[in-house]
Structure formats: C-alpha cells, structure tokens
Amino acid sequence: MGTFKNHDTIILNEIEAPQIAKKALPGQFVILKANEMGERIPLTMADVDKKKGTITIIYMIVGKSTRLFSTLEVGEGFQDVVGPLGSPTHIEKRGTIVCVGGGTGTAVLHPITRGNFEAGNNVITILGARSRDYLILEEKMAAVSHEMKICTDDGSKGIHGFVTDALKEILDTQKVDEVIAIGPVPMMKFVSKLTKEYGVPTQVSLNPIMIDGTGMCGGCRVTIGGKTKFACVDGPEFDGHQVDYDNLINRLTAYRHEEERSEECMFEDENI
Amino acid sequence: MIRPKDMTKKERRQIPRQLMTERHPKQRNKYFDEVTLGYSLKEAQLEAARCIQCKDPQCIVGCPVSIDIPGFLEMIIDHKLEDAIGKVWESTALPAVCGRVCPQEIQCEAVCVVGKKAGREPVGIGNLEMFIADWARSNGVKNKVEIAPKTGRKVAVVGSGPAGVTVAGDLAIKGHDVTVFEAFHKAGGVLLYGIPEFRLSKDIVDYEIEGLRELGVKIECNSVIGRTYDIDELLDEYGYDAVFIGVGAGLPNFLNIPGEDLTGVFSANEYLTRANLMKAFDFPHYDTPIIPGKKVAILGAGNVAMDAARTALRLGAKSVKIIYRRSREEMPSRHIEIHHAEEEGVEFELLTSPLEFIGSSEGRLAGISCERMELGEPDEGGRRRPVPIKDSQFFIDCDLAIIAIGTKANPLLTNVTEGLELNEWGNIKADPKTGKTTKDRVWAGGDITLGQATVILAMGMGRDAANSIDEYLKSLGKKGKNEKN
Ligand SMILES: Cc1cc2nc3c(=O)[nH]c(=O)nc-3n(C[C@H](O)[C@H](O)[C@H](O)COP(=O)(O)OP(=O)(O)OC[C@H]3O[C@@H](n4cnc5c(N)ncnc54)[C@H](O)[C@@H]3O)c2cc1C
Ligand SMILES: Cc1cc2nc3c(=O)[nH]c(=O)nc-3n(C[C@H](O)[C@H](O)[C@H](O)COP(=O)(O)OP(=O)(O)OC[C@H]3O[C@@H](n4cnc5c(N)ncnc54)[C@H](O)[C@@H]3O)c2cc1C
Ligand code: SF4
Ligand code: SF4
Ligand code: FES
C-alpha cells in the first residue's frame, strides 16, 4: 500500500486490490476495515490502475476510523477491503457538463469527471474549499476539464466565494446540459436548489452511514422523491432535485456522541 | 440412583422432562453469555431414557434431515457418546447449531409420541442434540470422515450460511476442490451476524468454520458475487465446474409508514449486525457504535424480533416492548424464545399495529402512534386477520424502534446474473429435490430459494444440492487434459 499525505487532514492511499481494480467503474466505492476491532467505512475509488491492480482512495480525517487509516504505513495493509460497490455513474455524451466538487468530494468527482471528459463532453469544473490548503487534485482535475474555476471561502485562491456563485455565473451565460455536484451535504443541497431554478438536471453523490454496502441492513436509506432508497445499491448517485437533504443531514448525526467518544478513547490510549 | 438402562418401561415413563440449567433471567439480561448451560451427562441420560424407542419413529419424519433420533438417544443412555455423535453427524454437519436454534416444537418434538399424552412433554430432542454436540467439541472429538481422492473438479459456493457451509463440507468430503465466497469479512451467515451470542455462542460458529477449513475448503471473505466476481466469470474464466448460490434472504422489509427514516428507527438486520458481527456491545473497545435505547419498541414477533428485544435489554434498555398486530398464539417465534424474553423482562403489546413514527424537534424518534386490533375472519393461510378497532389510537413512548417484520431476497446478485429464473417474490427458482436452477451449472438453496426459512431447512437443501452437484461432476468424467485449468 502506498501512502501520501497531501495536507494534515487529507490522505491518499493506493491499495493493492487486483480483482476490485479489474471490475471498478467510475462512481463506485469500496468498504474498508483497518483491523479486527475496526469499523466498516465506505470510501469512493478516486482512481484505479487496472494494470498495476491498485485502487486509490482519498479521504479527510474526520473521526477515529479515518484517523486510524491515516496511520497505516506503506506496506501495511487494511485487514479488509471489499468492492466494487454501488451503481456506477451513467456516463454518455450529453454536451456541456459542469462538475462541482467540494472538499474531499473532489476525490469522488475525479473519476466521474474523467469519464465524462473521455466521453466527449465539454467539461467545466468548479472546485471549492475552505481555503487553498484544502484544495485537492487540482492538476488531475484540470487535466480532464476544458475549463476550471476555483472558489475558496476565504479568498486565498481563485474566486472569493462559494461554488454556487461560480455556478450561477455559468448558468446565466451558457447552456448547460447537466450538473454533477459532490461534496458536503449542504453544498449539494444549495447547488441542487440553484439548478432546479434553471431546470438543469443534477446528479449528486450521497454519503449516508453504511455497514454492509450490499443492501442488507437498510442503514444507508435515503429519501428520494418521497421514496426510500438504499444508497449502497440504488446509489450513491441520485437526482439532486429529488433528495431530502435535511433528512440525510439528520441521519448523519445519529452517532455523534459515540463518534466523539471513540476518538477521545483513541487519544487516551495513545497517552498511556 | 438406578441407571436409566436398568429402569423398567414404566419407570422410564415417569421421568419428567429434564430442564436445562439456565442463567438467572435478571442477571443474564445484562450480558451476552449463552443463556442455557446444557445438560450434565446424568441429565442427558435421564432425558434420553424418556424415549420409548418407537418401532416407527415419527420424530425422524418430523426432522427435515431425518436424524436417527432413537438411535443416538440409545447410545447416550449406553454411554457410547462417540457413536452417538457419529450417528448425528451422518445427517447434519451442525448439530450444536440445530440443537440450539431449530424450531423443535413444530418439527421433531411436535410429533414425538411421548408428548402426545395429555400432561406429558415430548422428549427433549433438541437439548440432547446440543448436549452431544457440545460434548464432542469440548472433548476434541472430530467427525472422522474419509476424504475421497481428489477429483480435480472445482466448485464455487456463494454465501457461508448454513446452506453454503453444508454444500462446501459435503463436496469437499467427496474430493472436490471447494471455494466459499462470502460478502462479509467473516464467514457464518446469519449464524454469525443475526443470531446473538446469548443464543448461539460465536465460538461454535467459528469452530464449525474452522472444521470446514480442515476439510480443505478455501474461504474467500470480502467477495461480493455480482460485484467482485460474477457467476459467469467464475464458471468461464476461473474454471469452476459448478456454482452453488446460498446468499440467504438478506433484504430487510420496512413498514412503509411515515417517519420510518427518523434517526432511531432501525432494521433488525442493521441493529443485530452492529451488535453481533461488529461487536458494538463492546464499544468503544470495538469501533462500531450502536444507539443504546432507553425505551425500545420492536415491531414484529418472530425469532428475529425476540433476538432484537433481548439484545436491546442487554445493551441497557430500561424497557423493551414487542409490538405485534395479532395475538400470542400467532407469534411465529420459537416458544422458548418468547419464554426467555418474557423472563428477562420484555413486555408484549399484542393486537397493536403501528401507524406512524413520531419525531422530536431534533429529528430523533420520540414515539410511535399505534392502534389496537382485534382478530377477524381467517385469511387464506387460516390465521385470523387482524382488523383495526375504531378510535383506538394511542401513543407508545420510545427512543429506539427496531423493525423485525421479515426479509426478502436481495436482488444484488440475481439482477446481474443472466439465465437465473426467479419467482414472483424474487427468490431463485430451484428444483425442490436437487436445488438445480434454470441456469446451466448453477444450483441454489436456503433462504434465497425458500424465502426466509430455518437453519435446518437451509442445511437440508444444501445436502440435496451437494448430492446433485456431485452426480453432475461425476458425469463429466475425469478432468480432461484439454480442459481449462
Ligand atoms: C458511498 C460513500 C463514499 C464515500 N467516499 C468518501 C471519499 O472518497 N472520501 C472521504 O473523505 N469520505 C468519503 N465518504 C465519507 C466517509 O465514509 C466518512 O467520512 C467516514 O466513514 C468517517 O469515519 P470516521 O470513523 O473517521 O469518522 P466518525 O467519527 O465515525 O464520523 C464522522 C462523520 O462521518 C460519518 N460516518 C461515520 N461512519 C460512517 C460510515 N460507516 N459511512 C458513512 N459515513 C459515516 C458520520 O456521520 C460523521 O458525520 C464516503 C461515504 C459514502 C457513503
Ligand atoms: C436474527 C435471526 C434469528 C433467527 N433465528 C432462527 C432460529 O432460531 N432458528 C432457525 O432455524 N432459523 C432462524 N433464523 C433463520 C435462519 O438463520 C436462516 O433461515 C438461515 O440462516 C438461512 O441460511 P442460508 O444459508 O440460506 O443463508 P444465510 O445464513 O442468510 O447466509 C447467507 C450468506 O451469504 C452471504 N451473501 C449474501 N449475498 C452475497 C453475495 N452476493 N456474494 C457473497 N456472499 C453473499 C451473506 O453475507 C451471508 O453470510 C433466524 C434468522 C435471523 C436473521
Ligand atoms: S435437526 Fe432440528 S428437527 Fe432434526 S432432530 Fe435436531 S432439533 Fe430436531
Ligand atoms: S417419537 Fe419420541 S419416543 Fe418415539 S422414538 Fe422419537 S423421540 Fe423416541
Ligand atoms: S449499507 Fe447496508 S443496506 Fe446499504
């Protein structure tokens, strides 16, 4: 396994998993478990090298498991890796596509953007982050986009503002056939709200809490157009205009206390 | 005490059913150790002596895998324990499991003649099966089977539940090269992730899986067939001569009533998987969390519902209520589970149907709006249909709700496999005698063909399928040189 730390909190791992690499398609994810006691955590494959038989994951350290993952050294392995899971992105030639990535959502967006680029679409990319230090995959994204805009909340790079500001400008000036938005839930919510006004079809990728990733537990259920769907098999990509975002935000906080406790215990252990 | 062997028939008839020692309900409901502690040898011999050794034993007919019940009971009385377990192994590979979880009261014990007399209870066949299997395990007695010479034929088994495990074991013994593919990171199926520790110790499941490895079976975990590999890929690229599908019925049903997406509403599958497979009861030592409810409501009244209820108690719930729309007689769970649940403090809201989950201002579950039911005319199945009583709505206060109203076939694999015919519920169509599906070289069995059934039925189907697969492999003749690997 190869590790490379981009920033303090954003980590990239390249993992040997030939069979998964062989079958992986853009938009699909894997579930990883670091060790015997570990949790099963879903992460999208940001890149796949079928020849080398490796998959790449990029994630932000947000809690105990991602912190644990980040401590794995080159050559150390994850105890369990399973995939590819989820429905692949439906990629076809549609015309002009705007790909909007926020935070580590950019990692998830990268293979989808590349797929759309290779399918002959005119690809405009918007990347957003808190500040320039949190931007990831800039060059890789630029390589598969015809045009790229960068937005930071603090103005440390590119446009000083949110991705929705940049998107609105594009929607006002040209015909867009589809928007793909992947990032924090509030970002996807506001992008969808905006594109709905313009009547532009919008795809988002949802990240509910998962366990098995095969449709067996129902823990990942999300409400789409008033109907219950399992994100691990029916998604993770859905029509952004149909998603009940508030419900998703709510369900994501289900274990907030436990998550905090889990990370605290990790630090306590380290102090002993 | 006189030995059962020396007792007269009349004396034997007067022995009461031997109860197994159990942990005290008010203590055991706080931890996950097994509830029943099993028989001592003496108790087992006394219980076995209650069998009158029928000439035409109905119990064997009642057992889906036709264990020679009077045969092994006699051997227990004669203290030929190794012979006794050998006899049981002739018919089932997982006696420690069957003895603990079989619905005996509707199978072998339902037809036992001893129980036919008013006021008499049937022979404790399940308890005795558990006794003999546990004896073998704790004394290191193994099923001494001879493994046939290698045939060079390869079989892929999809799923490591009771059906898959049976097929894998049987075919390995017949000399075939068997690989089990399991989606989860650990093998065992529902025995591992569904049925809790306090009913079936995970050591037993691990022991049985280890036994499978000793037979030469390879187990590849983290392999979701239909994703990681496809059936056709296994057959045509990886050189498997036959595939058995035993993926269970893992798709949870929901009630489809308002509020079901609130935080605090779980499927039993999720709740039990967190608790059992991921060991969330040992959080934060293990990383997977679980919401420990204070007031818990369980929807449904089958084995799964009882397991969820008793798990919630052990995780610290102050009150646990089973909500069921019919009456006690219709509860589909094993009787002993209902009894154990009640002893431990689980309450029953019978003839009650949920209408809506109500959330707090923070979007967490606060309670369930319900209505009372009464039993009306019998439906097609002969069970009286519950009908709502007018204006009987009431509110059940709870912060955790677990839905345990059954599961159906998961379409993940069947959706992407061409040539597999399904029935109207999405279960794979398979010949009831052989498990053969409509797809060339593919067999299936267990819950994926039967719908949600039982451990022993899944094993029985596994055995039949193994025989049919073996016949097919034999018909191919010796592995030719010009065949792929
Ligand atoms: C299909 C899918 C693809 C994803 N891809 C990526 C990716 O490419 N890069 C990335 O940085 N993140 C991705 N995520 C999110 C990532 O899985 C979570 O951030 C991670 O599980 C957090 O684990 P933790 O123990 O470090 O944090 P915790 O302390 O456990 O939790 C922190 C946050 O993560 C959420 N979370 C916790 N457990 C899970 C779980 N099992 N599944 C989903 N969310 C959970 C919690 O709701 C909370 O908001 C993806 C999620 C899904 C469902
Ligand atoms: C909580 C609970 C309690 C129960 N209690 C009892 C009881 O007391 N008595 C009784 O007789 N029965 C009981 N049952 C029912 C019984 O467990 C099942 O009938 C039995 O386990 C079915 O066996 P199976 O081999 O068909 O499938 P399962 O045991 O369901 O095993 C299927 C396996 O296949 C794996 N799998 C699924 N899809 C794939 C895929 N695509 N690729 C690879 N692997 C896959 C699953 O992860 C699983 O490990 C209970 C069930 C539950 C859930
Ligand atoms: S396997 Fe089940 S039905 Fe058969 S004898 Fe044992 S407990 Fe009874
Ligand atoms: S039916 Fe009952 S009494 Fe008769 S052989 Fe079977 S266990 Fe013994
Ligand atoms: S993660 Fe369990 S059903 Fe989706």
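That block above? That's the structure.
Criteria and thresholds
- Residues numbered from 1 in each chain as written.
- Chains lettered and ligands numbered in written order.
- Predicted model: local features only at pLDDT ≥ 70, side-chain atom pairs only at ≥ 80, totals over all residues.
- Heavy atoms only, no water.
- Salt bridge = Lys/Arg side-chain N within 4 Å of Asp/Glu carboxyl O.
- Helix = DSSP H or I, 4+ residues; strand = E, 2+ residues; numbered from the N terminus.
- Buried < 20%, exposed > 50% of the residue type's maximum accessible area, 1.4 Å probe, protein only.
- Pairing = 2+ DSSP bridges.
- Axes fitted to C-alpha atoms, helices over the stretch in contact; angles between N-to-C directions.
- Contact = heavy atoms within 4.5 Å.
- Buried area = accessible area lost by both parts, 1.4 Å probe.
- Polar contact = N/O pair within 3.5 Å; in protein donor to acceptor, adjacent residues only side chain to side chain.
- Parallel < 35°, antiparallel > 145°, perpendicular 65-115°, else oblique.
- Left-handed = near helix turned anticlockwise from the far one by under 90°.
- Nonpolar A, V, L, I, M, F, W, Y, C, P; charged D, E, K, R; others polar.

Under the defined criterion, the tally for this structure stands at 51 salt bridges over all chains. Asp246 of chain A is paired through a salt bridge with Lys189 of chain A; the nearest N and O atoms lie 2.9 Å apart. Residue Asp246 of chain A is found in helix H8 (residues 245–252), and its partner Lys189 of chain A is found in helix H6 (residues 185–198); the two are separated by 57 residues along the sequence. Exposure remark for Asp246 of chain A: the relative accessible area of 48% places this residue in the partly exposed category. When salt bridges with common partners are traced through the structure, they connect Glu22, Arg28, Arg199, Asp307, Arg310, Arg314, Arg334, Glu337, Glu343 and Glu344 of chain B into a single cluster.

Another aspect to go through is the sheet that holds strand E5 (residues 218–220) of chain B. Residue and element names in this part refer to chain B. Pairing within the open sheet is parallel, and its five strands lie in the order E5-E4-E3-E6-E18. A single partner strand is all that each edge strand has here, and the edge strands are E5 and strand E18 (442–444). Across the sheet, the mean angle from the axis of one strand to that of its neighbour is 20 degrees, orientation sign disregarded.

Residues and elements named next belong to chain A. Mapped onto the elements, Ile124 comes out in strand E8 (residues 122–129). Judged by its relative accessible area of 1%, Ile124 is buried. Separated by 43 residues in sequence, Ile124 and Leu167 place their C-alpha atoms 9.8 Å apart. Once residues within four sequence positions are removed from consideration, Ile124 is found in contact with Thr96, Ile97, Val98, Cys99, Glu147, Ile170 and Gln174.

Residues and elements named next belong to chain B. In the sheet, strand E13 (residues 365–378) pairs with strand E14 (residues 384–388) via four bridges, with the strands oriented antiparallel. What sits directly across from Pro378, in E14, is Arg384. Between E13 and the antiparallel strand that follows it, E14, lie five residues; Gly382 among them carries a positive phi value of about 90 degrees.

Residue and element names in this part refer to chain A. When strand E11 (residues 178–182) meets strand E12 (residues 202–205), the two strands line up parallel, connected through three bridges. From the neighbouring strand, Ala181 faces E12, where its bridge partner is Val204. Strand direction decides the pairing type here: E12 and strand E15 (residues 237–239), joined by three bridges, are antiparallel. Counted as the bridge partner of Ser205 is Glu237 from E15.

Each side of the interface is counted separately: chain A has 43 residues, and chain B has 44 residues. Carbon and sulfur atoms make up 51% of the surface buried where chain A meets chain B, a total of about 3800 Å² over both sides. Contact with chain B buries surface across chain A, with Met37, Met216 and Tyr255 of chain A losing the most and accounting together for 18% of the total. Connecting chain A to chain B are five salt bridges. For Asp287 of chain B, the salt bridge identified is with Lys64 of chain A, shortest N-O distance 2.8 Å. Joining chain A to chain B, the criterion identifies 28 residue pairs in polar contact (both at pLDDT 80 or more). Among the secondary structure elements, those contributing two or more residues to the side of chain A that touches chain B are helix H1 (18–23), helix H2 (64–70), strand E6 (80–85), strand E13 (221–224), H8 and helix H9 (256–271) of chain A. For the side of chain A that touches chain B, the leading source of residues is E6 of chain A, giving six residues.

Let us now look at the packing of helix H5 (residues 163–173) of chain A against H6 of chain A. Any two packed helices are characterised by how steeply their axes cross, that is the angle between the axes, and by the distance between the axes. Residue and element names in this part refer to chain A. Interhelical geometry of H5 versus H6 gives an angle of 15 degrees and a closest axis separation of 10 Å. Between H5 and H6, the interaxial angle falls into the category roughly parallel. Between H5 and H6 the crossing geometry is right-handed. Residues Val163, Thr164, Leu167, Lys168, Leu171 and Asp172 of H5 touch H6, and the partners they reach there are Met187, Phe190, Val191, Leu194, Thr195 and Tyr198. In the contact of H5 with H6, the residues fall into eight nonpolar, two polar and two charged.

Interpretation note: all reported values are geometric properties and have no functional meaning in isolation.
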